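Read off the chains here:
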Amino acid sequence: MNMIHTCKSIVLATILASGLQTAIAQAEEDTLYKSLGGKSGVNRIVNEFIAIIVADPRIDNFFKTTDTERLSALLIDQFCQLSGGPCVYQGRDMDSAHEGLKIRSSDFYAVTEDLQIAMENCQIPSYTANKLIAKLASMKRVIVKK
């Protein structure tokens, strides 16, 4: 084998591996959306979640003046998109949506715990629930302000 042929083989293998990783990531997201129960499952989760967070005394003050129907619609689209579903989240970015709310880490964790409870109540397996929570956890650094 000459050097040019070897380099072409390495480049081709790299391209194929990259394409395979992208396909696997997309398949995992599609599987997450389906594991959540598709659109109807995401709707159930969000409806349960909203009911829990507005009643949670640790964080209910953040939701006293919130239009919960609008919040519900935004969360359905956001969770659907994050889990690989066909929805498109069209709300504000997380930084501006939470600007001025003075959200602390403990508030963020309370919301996360409430989402886990909502998914348990909807009988979502913990493995699946943890995959959605992991996707949302990356938003903490933007939502929690020091």
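For the structure, check the block above.
The paragraphs below set out a description of the structure included in this document.

How each quantity is defined
- Residues numbered from 1 in each chain as written.
- Predicted model: local features only at pLDDT ≥ 70, side-chain atom pairs only at ≥ 80, totals over all residues.
- Heavy atoms only, no water.
- Helix = DSSP H or I, 4+ residues; strand = E, 2+ residues; numbered from the N terminus.
- Expected span 1.5 Å × (residues − 1).
- Buried < 20%, exposed > 50% of the residue type's maximum accessible area, 1.4 Å probe, protein only.
- Disulfide = S-S within 2.5 Å.
- Polar contact = N/O pair within 3.5 Å; in protein donor to acceptor, adjacent residues only side chain to side chain.
- Contact = heavy atoms within 4.5 Å.

## Some details on helix α2 (residues 38-55)
Then, in step 1: Between its first and last C-alpha, α2 extends 26 Å over 18 residues, near the 26 Å set by a 1.5 Å rise per residue.
Then, in step 2: Within α2, the full set of buried residues consists of Gly38, Gly41, Val42, Ile45, Val46, Phe49, Ile50, Ile52 and Ile53.

## Re the state of the cysteines
Then, in step 1: Summed over the entire model, instances satisfying the criterion amount to 1 disulfide.
Then, in step 2: One disulfide in the model links Cys80 with Cys87; its S-S distance is 2.3 Å. In this structure the cystine formed by Cys80 and Cys87 twists about its S-S bond by roughly 75°; its chirality is therefore right-handed.
Then, in step 3: Looking at Cys87, the relative accessible area reads 12%, which means it is buried.

## Describing the side chain of Asp114
Then, in step 1: Mapping Asp114 onto the fold places it in helix α5 (residues 105-121).
Then, in step 2: A polar side-chain atom of Asp114 sits 3.3 Å from a polar atom in the side chain of Arg58.
Then, in step 3: Setting aside chain neighbours within four positions, we find Asp114 in contact with Phe49, Ile52, Ile53, Asp56, Arg58 and Ile59.

This is a description of form; function is not addressed.
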